[in-house]
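# Summary of structural features
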Amino acid sequence: MSSLSAEQLRRAAAIKEQIDTLENELGKILGGGSGSGSGSGSGKRVMSASARARIAAAQKARWAKVKGNGGGTTRRKMSAAARAKIAAAAKARWAKAKAAGRKSL
């Protein structure tokens, strides 16, 4: 390509522009799905309204499961007996540490 003259490069650019224009027109005629891979389409995926509604409903259900009625694994409550048992164990550890003359565990 380095041996091409300026006139040849201009002609190649004009042909390329014509090809792009024709590909765009063909895509419009065929409904945008020419499949040529030239990058003429927007590249965005289109989702139906019913699919969006199903996804939204599923997400709302997941959030409801997390937030409502105990929240699954997010909100656990400890019984009073369990709290008392842990507090007693902590007091015993501190008593043992203080008896040994330590100021920290």
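Description of the structure in this document. (Residues numbered from 1 in each chain as written. Predicted model: local features only at pLDDT ≥ 70, side-chain atom pairs only at ≥ 80, totals over all residues. Heavy atoms only, no water.)

## Some words on the overall build of the protein
- If you tally the helices and strands in the protein, you get 3 helices and 0 strands.
- Listing each helix as α and each strand as β along the protein from the N terminus yields α-α-α.
- Expressed as a percentage of its 105 residues, the buried residues of the protein come to 4%.
- In the form shown here, the protein has an accessible surface area of approximately 9600 Å², with 58% of it arising from carbon and sulfur atoms. (Helix = DSSP H or I, 4+ residues; strand = E, 2+ residues; numbered from the N terminus. Buried < 20%, exposed > 50% of the residue type's maximum accessible area, 1.4 Å probe, protein only. Areas by Shrake-Rupley, 256 points an atom, 1.4 Å probe, with all protein chains shown as cover.)

## Quick notes on the environment of Leu105
- Residue placement: Leu105 occurs in the segment after helix H3 (80–99).
- Taking C-alpha positions, Leu105 is 7.2 Å from Trp94, a pair spaced 11 residues apart along the chain.
- Those residues in contact with Leu105 that sit more than four places away from it in its chain are Arg93, Trp94 and Ala97. (Contact = heavy atoms within 4.5 Å.)

## Some details on the pattern of salt bridges
- This model, assessed by the stated rule, comprises 2 salt bridges.
- In this structure, Glu7 engages Arg10 in a salt bridge whose closest nitrogen and oxygen atoms are separated by 3.2 Å. Separated by 3 residues within a single helix, Glu7 and Arg10 lie in helix H1 (residues 6–29), roughly one turn from each other. As far as burial versus exposure is concerned, Glu7 and Arg10 are alike and both exposed.
- Here Lys16 and Asp20 are joined by a salt bridge, their closest N and O atoms 3.0 Å apart. Of this pair, Lys16 and Asp20 both sit in helix H1, 4 residues apart, which is roughly one turn of that helix. (Salt bridge = Lys/Arg side-chain N within 4 Å of Asp/Glu carboxyl O.)

## With respect to a nonpolar patch on the surface
- Residues Leu26, Ile29 and Leu30 make up a contiguous nonpolar surface patch of about 330 Å² in total accessible area.
- Checked against the element boundaries, Leu30 lands in the loop between H1 and helix H2 (49–67).
- Overall, the relative accessible area of 54% leaves Leu30 in the exposed class. (Patch = residues over 30% accessible without salt bridge, like charges linked within 9 Å, V, L, I, M, F, W, Y side chains within 5 Å.)

## Points about H1
- The end-to-end C-alpha distance of H1, which contains 24 residues, comes to 35 Å, matching closely the 34 Å that a straight helix rising 1.5 Å per residue would cover.
- One or two positions beyond H1, positive phi appears at Gly31, with a value near 90°. (Expected span 1.5 Å × (residues − 1).)

Shape descriptors only; they carry no functional weight alone.
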